[in-house]
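What the coordinates show
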Amino acid sequence: MLLHLDFASDVPIYLQIRNQVVLGIAEGKLQTGEKLPTIRALSEECGINMMTVSKAYQLLKQEG
């Protein structure tokens, strides 16, 4: 999964991740049932803390 994170943005990184996943679904880039990368894999790929990715995934889960 390719994310474009803007570390200089006022939007928190976890919200950027959430927004891009939602956008990917809306644009058909992510299909129903397609698995997202693990928290560890995404955090290593993006160079961010695992808790940041976890927060984004928890938010997505809450939203359904």
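It should be noted that the structure appears before, not after, this text.
These lines cover the structure that appears in this document, whether it is placed above or below. Every value quoted in this text rests on a predicted model; they were computed, and no experiment measured them.

1. Description of the overall build of the protein
Within the protein, the secondary structure is distributed over three helices and zero strands. Along the protein, from the amino end to the carboxyl end, the secondary structure elements read α-α-α. Compactness check: the protein gives a C-alpha radius of gyration of 11 Å against a globular reference of 11 Å for 64 residues, within 12% of the reference. For the protein, the C-alpha atoms occupy an extent of roughly 30 × 20 × 20 Å along the three principal directions. Counting only residues that meet the buried cut, the protein has 30% of its 64 residues in that class. A separation threshold of at least 6 residues defines the contact pool for the protein, and within that pool the share at least 24 residues apart is 47%. With the model as given, the accessible surface of the protein reaches about 4,600 Å², and the carbon-plus-sulfur share is 55%. For the protein, the distance from the average position of its 6 positive side-chain charges to the average position of its 7 negative side-chain charges is 9 Å.

Rules and cut-offs
- Residues numbered from 1 in each chain as written.
- Predicted model: local features only at pLDDT ≥ 70, side-chain atom pairs only at ≥ 80, totals over all residues.
- Heavy atoms only, no water.
- Helix = DSSP H or I, 4+ residues; strand = E, 2+ residues; numbered from the N terminus.
- Rg over C-alpha atoms; globule rule 2.2 N^0.38 Å.
- Buried < 20%, exposed > 50% of the residue type's maximum accessible area, 1.4 Å probe, protein only.
- Contact = heavy atoms within 4.5 Å.
- Areas by Shrake-Rupley, 256 points an atom, 1.4 Å probe, with all protein chains shown as cover.
- Lys, Arg positive; Asp, Glu negative; His and termini not counted.
- Charge placed at Lys NZ, Arg CZ, Asp CG, Glu CD.

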